[in-house]
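# Per-entry structural report
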Amino acid sequence: MDFKSALILLVGVCVSAFSVWSRMGRTKRSRWWVRTGWDRCFALMIAPAVGIFLVGIVLGSVVIDYSESLTVPFGLFLLSSGLLTLWGGLVQYIPRWFYPRWYLVNKGCVSPRRSSGR
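In this report, we go over the structure that sits alongside the text.

### Concerning the packing of aromatic side chains
According to the stated counting rule, one finds eight aromatic pairs in the structure shown. Consider the rings of Phe-18 and Trp-32, whose centres lie 5.8 Å apart with planes at 25°: the pair is stacked. Residue Phe-18 is found in helix H1 (residues 3-24), and its partner Trp-32 is found in the loop between H1 and helix H2 (37-66); the two are separated by 14 residues along the sequence. Among the aromatic residues, those joined into a ring-pair cluster are Phe-18, Trp-21, Trp-32 and Phe-42. Across the ring face of Phe-98, the terminal group of Arg-23 is positioned such that the distance to the ring centre comes to 5.3 Å.

### What to know about the environment of Ser-111
With respect to the helices, strands and loops of the structure, Ser-111 is situated in the segment after helix H4 (101-107). Judged by relative accessible area, which is 52%, Ser-111 ranks as exposed. Beyond its immediate sequence surroundings of up to four residues, Ser-111 is in contact with Arg-101 and Val-105.

### Focus: H1
With 22 residues, H1 ought to run about 32 Å at 1.5 Å a step, and its terminal C-alpha atoms sit 32 Å apart, in line with that. Trailing H1 by a residue or two, Gly-25 shows a phi angle of about 60°, which is positive.

### Describing the side chain of Ser-22
Relative to the assigned elements, Ser-22 resides in helix H1. A polar side-chain atom of Ser-22 sits 3.0 Å from a polar atom in the side chain of Trp-32. Other than its neighbours up to four places away in sequence, Ser-22 contacts Ser-30, Trp-32, Trp-33 and Trp-102.

### So, a nonpolar patch on the surface
Judged by side-chain polarity, Val-72, Leu-76, Leu-79, Leu-83, Leu-86, Trp-87, Leu-90, Val-91 and Tyr-93 come together as a nonpolar surface patch covering roughly 950 Å² of accessible area. By the element assignment, Leu-83 lies in helix H3 (residues 71-91).

### Let's talk about the nonpolar core
A general tendency of soluble globular proteins is for nonpolar side chains to be buried together. Counting twelve residues, the largest nonpolar core consists of Trp-32, Trp-33, Cys-41, Ala-43, Leu-44, Met-45, Ile-94, Phe-98, Tyr-99, Trp-102, Tyr-103 and Leu-104. Elements supplying a minimum of two residues to this core: H2 and H4. A per-element tally of this core places H2 first, with four residues. Once you skip the residues sitting within four places of it in the chain, Leu-44 turns out to touch Arg-23, Trp-33, Ile-94, Phe-98, Tyr-99 and Pro-100.

Reading the values: rules and limits
Residues numbered from 1 in each chain as written. Predicted model: local features only at pLDDT ≥ 70, side-chain atom pairs only at ≥ 80, totals over all residues. Heavy atoms only, no water. Phe/Tyr/Trp six-rings, centres within 6.5 Å; stacked < 30°, edge-to-face > 60°. Helix = DSSP H or I, 4+ residues; strand = E, 2+ residues; numbered from the N terminus. Lys NZ or Arg CZ within 6 Å of the ring centre and 35° of its normal. Buried < 20%, exposed > 50% of the residue type's maximum accessible area, 1.4 Å probe, protein only. Contact = heavy atoms within 4.5 Å. Expected span 1.5 Å × (residues − 1). Polar contact = N/O pair within 3.5 Å; in protein donor to acceptor, adjacent residues only side chain to side chain. Patch = residues over 30% accessible without salt bridge, like charges linked within 9 Å, V, L, I, M, F, W, Y side chains within 5 Å. Areas by Shrake-Rupley, 256 points an atom, 1.4 Å probe, with all protein chains shown as cover. Salt bridge = Lys/Arg side-chain N within 4 Å of Asp/Glu carboxyl O. Core = buried A, V, L, I, M, F, W, Y, C linked by side-chain atoms within 4.5 Å.

Bear in mind that shape data such as this cannot, by itself, settle questions of function.
Structure (structure tokens):
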């Protein structure tokens, strides 16, 4: 793996880790994206798709060098992450099932889970 591939992989992993941190919402700072619709689209759809896309490019180039039979699955993987990026950026509609549970509980859309406490 050359330097450019390692750098792309590092950026993709960092963007993906940032997306997971934002989606988990454990701290007030990690819930930065709750403010507006554009922030929600970026945090829930665009950033994860870009991270997956960058990691997929590097892993795809490494794996395809060893086995050309994996060209189609990696192509579909990259296509799906690209479509998710376009959906989030252009349409800016996020289905209710795509939001994290803590967000829906805070908005009053669902009730919090009760622990069994037995």
